[in-house]
Structures are given as C-alpha cells and as structure tokens.
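# Descriptive structure summary
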Amino acid sequence: MRPASLADHAAIRAVLDAAFGEEGPSQIVDGVRAEGAALVELVVAAGDEIVGYVLFSRMSVTTSFDPPLAGHPDSEAAMQLPFVAGLGPVGVRPGAQNKGYGAELCRAGIEQLRAMGVDAVVVLGHETYYPRFGFAHEATRLITSPFGDREAFMALELTPEALARPLKIDYPAAFG
C-alpha cells in the first residue's frame, strides 16, 4: 500500500469503474481532486497491478452559530469547528475483492487522518461493513447532512466529543 500518485490516475479510474460497474465514482474522484479537497488517497497493489483505492476528502463544516453571534456563550466554541473528512469512494477490482484490501485501505487512511489532526470521519456506506472501523450511525445524531438520517450515514470520532454539538457537514461539490 502507498499514497496514490499522478501516474496512478488512469489505473485508479479503471479500478473504480470495474468495482462499481459505472464511471460515477471515478468522476467524483477527479472532481474532488480538481476542487483541491482530496486529503488522503491510497492505493494497494497485487504484484504490479493496482487493485484497490480509497479517497478521503475534506468536508465543509458549519454550525448554527456560523458566523458566531457576538456575546453568545457558544460563539467561541462555534469558531472551533472540527476538522472532518469523508471516506469514499473505496473500491477493489473484482477478482481481488474479499481479500482484505478494502479494509486495509480504510484502516491505513484513518490512521493517516488521525496523524493529520482530523477530528472526525463520515461515510455513507454499507451499514454492516463500516462499523468494523468504529463508524456508527449514532455518532451522526447532531449532524445535518445531504443524507438526512439514513442508517448508511455514519461517523467516527477521532477526537472525543468532536461531533458533540449540532453541525452541518457538506461533501465537496463533486459528490453532487
């Protein structure tokens, strides 16, 4: 496993297109890169072939006190918004799936985010897959997002209490 490079972009597109059976996820990745919102991009190879990929993007975070209300007791806290990343897409080429590559990519990416000072990670994904990394729907209880209260929208706090107040989290525009 290693960080993705510019030379990997075509192979990453091929992996995602094969894994998802469509071009949507690879177009999202291209858009996130163009927006400058990519935080961590990792690839995993089997031999010389890239077989897996994960992207973590910078999320836009606001609160009901944005801009902070002068003199409001929570105004200072409102200025200290958490640094939130979004996980996805993550994909593994068919034929290389169910070998732990996706989990390896997710775990390594989460550790890189932790080292970068990211406070929380959100994901819209399979309800039985992402809890193995610590993601929980309950952690999104105070988050307003484009995904509403869907069970598939989950969060992982890397800093305790990072999501303990009402927040609005938006994905990069590439997610549409």
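Up top is the structure.
Residues numbered from 1 in each chain as written. Predicted model: local features only at pLDDT ≥ 70, side-chain atom pairs only at ≥ 80, totals over all residues. Heavy atoms only, no water.

### Comments concerning the sheet that holds strand E7 (residues 143–144)
A sheet is described by the order of its strands in space; here three strands give the open sequence E4-E9-E7, paired in mixed fashion. Strands with a single pairing partner mark the edges of an open sheet, and in this sheet they are strand E4 (60–62) and E7. Two strands pair when backbone bridges link them, and E4 and strand E9 (residues 167–170) are joined in this way by three bridges, in the antiparallel orientation. Residue pairing across strands places Ser60 opposite Asp170, the latter belonging to E9. (Pairing = 2+ DSSP bridges. Helix = DSSP H or I, 4+ residues; strand = E, 2+ residues; numbered from the N terminus.)

### Things to note about the sheet that holds strand E6 (residues 120–124)
Adjacent strands of a sheet form backbone hydrogen bonds with each other and so pair up, either parallel or antiparallel. Read across the sheet, six strands follow the order E1-E2-E3-E5-E6-E8 without closing on themselves; strand pairing throughout is mixed. The sheet is open, and its two edges are formed by strand E1 (2–3) and strand E8 (153–157), each paired on a single side. The sheet contact formed by E1 and strand E2 (residues 38–46) spans two bridges and is antiparallel. For Pro3, the partnering residue across the bridge sits in E2 and is Leu42. Contacts from helix H2 (residues 24–35) reach E2, strand E3 (49–58) and strand E5 (84–92) within the one sheet, and its direction differs from that of E3 by about 50 degrees. Contacts between helix H4 (residues 101–116) and the sheet are confined to E2, E3, E5, E6 and E8, with E2 contributing the most and set at about 145 degrees to the helix. (Contact = heavy atoms within 4.5 Å. Axes fitted to C-alpha atoms, helices over the stretch in contact; angles between N-to-C directions.)

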